[in-house]
Amino acid sequence: MNAVSPIEDVAHRLNSVIASGAHPERALDRATKFLERLNAPVRIALLGLPCAEKTRVFNALAGATDAADEPNAIPTELRYGDEEQAEITLSDGTTLLQAGKFDPREHPEAVFVSLRRPLPALKSLSLIDVAADAQAEDQRAAIRWAMSRTDMALWVSPAFSDIEMQIWATAPDDLKDHAYLVLTGRPDGPDAAFLAQHTARVKAMLDYEFLDVVSVGHDVTAETPVLLDEGLEALTGQIRKHADTGRRADADSALMFLNSLERVRSRPVTRPRSRAIPVQQPEDPQELIDLYAQAFTFLRDRGAALLSLIQVGDEPDPLAVLTHCGETLAGLAGLLEKYDDDATASLSALATALAEAEDLLILLGLEDGTGPKIDAVSLLLQLRRELEARLVA
């Protein structure tokens, strides 16, 4: 019996969460995205000036000599598919779906093509040949275009010229952190020893510009130009290593998310109450209205306090915003604590909304960026609207 890897275990748990449907919609969406990320092939973009060597690397990684017959004239994506087909995007934005092999001569108005082929190598990776003219500005535009479409980049070049160095210097650091320089030499160029020496010099010169500089080289004994197997093995080994590191990081993030869900699920369904405060039921409708008015005033005052945390022109501290929202929800829970949640349908609905908001706030704390913090503030606004609706009802 084969042992289950930690990543497979995380994927299994994510599947269980999604299948259960027993969590807030936002949590299920997050679980789905985590699972898609873990199962998705690593996306690799091939960058660089137009050259035959780039096409050979493209074919070698795909595991087929005819993945591209010649340097691609337009950006070309290659993904796994049970049958060979092409999705062609034209200059007017329309798309065509075509079975079989793609011939660019039949579609001169094409600006992008996504190819699917039943190649085993494509089950673990997908490729994008970011074809662009040799002009520096076109190459910089190609880099920007590739940023949102790739997990890893390969700049393929026979020798990496000064012009290429100037282009790459403007690439975003986020891309450089996941990029390799692939030096191929030329079939009719110097021997492998010279290429190895040149690679060492370039690596020393480009410290921190790439994850690594990999020498592939050509088999000069072959009748037609072909890349050396040992060079390709070194390149694919580097790719697998970096992809595995990224996948483990994704699994760690997913595990934190799953553990947070478990903490939410393990919390008591009923809100814990202080024994010093006996549970009561509202004696008349006015008492319930007064409770809602008190909660509404509390939310209004907490909103004013939150505004004071955000000075005009300053970047708000995300942790401070989340902490403030959490304390606000705790304060609302304290106001409801002396009453039985099930005393009235209205009070029960409010208690349920408050509990869901507390659970969702925990999940928001796991997300990066300013978006989740905005969502946390939106939670309070939603609760305020509910209280307003109950006051006027």
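Just so it is clear, the structure is predicted and the values come from calculations on it, not from any experiment.

What counts, and where the lines are drawn
Residues numbered from 1 in each chain as written. Predicted model: local features only at pLDDT ≥ 70, side-chain atom pairs only at ≥ 80, totals over all residues. Heavy atoms only, no water. Phe/Tyr/Trp six-rings, centres within 6.5 Å; stacked < 30°, edge-to-face > 60°. Helix = DSSP H or I, 4+ residues; strand = E, 2+ residues; numbered from the N terminus. Buried < 20%, exposed > 50% of the residue type's maximum accessible area, 1.4 Å probe, protein only. Pairing = 2+ DSSP bridges. Axes fitted to C-alpha atoms, helices over the stretch in contact; angles between N-to-C directions. Contact = heavy atoms within 4.5 Å.

K.L.:
What am I meant to see in the packing of aromatic side chains here?
P.N.:
Aromatic ring pairs are described here by two measures, namely the spacing of the ring centres and the angle between the planes. In the structure shown here, the tally under the stated rule is six aromatic pairs. A centroid spacing of 4.6 Å and a plane angle of 5° characterise the contact between Trp168 and Phe210, whose relative ring orientation is stacked. Here Phe210 lies in the loop between helix 7 (192-205) and strand 9 (212-215) and Trp168 lies in helix 5 (residues 162-169), a separation of 42 residues in the sequence. Owing to a relative accessible area of 1%, Trp168 belongs among the buried residues under this scheme. Clustering of aromatic rings is evident, with ring pairs tying together Trp155, Phe160, Trp168 and Phe210.

K.L.:
Would you mind going over the sheet that holds strand 4 (residues 95-99) with me for this structure?
P.N.:
Adjacent strands of a sheet form backbone hydrogen bonds with each other and so pair up, either parallel or antiparallel. Overall, mixed pairing links the nine strands, which are arranged 4-3-5-2-6-1-7-8-9 in an open sheet. Here the strands that pair on one side only, and so sit at the sheet edges, are strand 4 and strand 9. Neighbour-to-neighbour, the strand axes of the sheet open up by a mean angle of 20°, direction not taken into account. Where strand 2 (residues 76-80) and strand 6 (residues 125-129) come together, three bridges link them in antiparallel fashion. Bridging from a neighbouring strand, Thr76 pairs with Asp129 of strand 6. Contacts from helix 5 reach strand 1 (42-47), strand 7 (152-157) and strand 8 (179-183), with the element oriented near 165° to strand 7.

Just geometry here; none of it tells us what the structure is for.
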